[in-house]
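# Observations on the model geometry
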Amino acid sequence: QTIITDCSFVSSLVIAASFERRFRTQLVTAILYPQDRAGVPIYNPAGKYMVRLKFNGVSRRILVDDRLPLDRHGRPMCS
């Protein structure tokens, strides 16, 4: 864990991805967009994605990108 405290979030994603592979069911991939016609997330060349999450029971659409924050020396600031 570094300056950005994302360790528990990243660990949760790793566990969910492992579950998906093992049991061939969607957990995280079902809430990532864009998706193909089969409901599988696809690569976006622009690097922008939408994630559907629920906060206090209310659905929210969160926009994320595929960039990692770097410090002034070019080192990643996250796990």
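Along each chain, the written sequence defines residue order, and numbers are assigned to residues from 1. Thresholds applied to this predicted model are a pLDDT of at least 70 for local features of residues and 80 or more for the giving and counting of side-chain atom pairs; totals over whole chains, interfaces and linings are not thresholded and use all residues. Just so you know, side-chain values use all the structure's heavy atoms and leave hydrogens and water out.

Here the focus is the confidence of the model for the chain. Confidence scores per residue from the predictor, reported as pLDDT, run from 0 to 100. Of all residues in the chain, 91% have pLDDT values of 70 or greater, and the mean over the chain is 87. When the elements of the chain are averaged for pLDDT, helix 1 (residues 7-23) gives the smallest value, 85, and strand 1 (residues 32-33) the largest, 94. Each helix is a run of H or I in the DSSP string that is no shorter than four residues. Each strand is a run of E no shorter than two, and both are numbered from the N terminus.

We now examine the side chain of Glu-20. Along the chain, Glu-20 turns up in helix 1. The buried label applies to any residue whose accessible area, calculated with a 1.4 Å probe on protein chains only, is under 20% of its type's maximum; exposed applies above 50%, and partly exposed to all values in between. Just so you know, the count uses Lys and Arg for positive and Asp and Glu for negative, and it drops His and the chain ends. A pair is scored as a salt bridge if a Lys or Arg side-chain nitrogen falls within 4 Å of a carboxyl oxygen belonging to Asp or Glu. There is no salt bridge for the buried Glu-20, and the closest opposite charge comes from Arg-21, which lies 7.2 Å off by N-O distance. Not counting chain neighbours up to four residues away, the residues in contact with Glu-20 comprise Thr-25, Gln-26, Leu-27, Val-28 and Thr-29. A contact between two residues is defined here by any heavy atoms of the two lying within 4.5 Å.

A few words now on the environment of Leu-68. In this structure, Leu-68 sits in the segment after strand 3 (58-65). Along the backbone, Leu-68 and Cys-78 are 10 residues apart, and their C-alpha atoms lie at a distance of 7.5 Å.

End to end, helix 1 covers 24 Å across 17 residues, agreeing with the expected 24 Å (1.5 Å per residue, within 8%). Immediately downstream of helix 1, the backbone of Arg-24 shows phi near 50 degrees, a positive value. Any helix carries an expected span of 1.5 Å times its number of residues minus one.

For the rest of this paragraph, the subject is the pattern of salt bridges. Tallying each qualifying case throughout the model produces one salt bridge. Among the salt bridges present, the one from Arg-75 reaches Asp-71, with a minimum N-O distance of 3.1 Å. Given the relative accessible area of 49%, Arg-75 is considered partly exposed.

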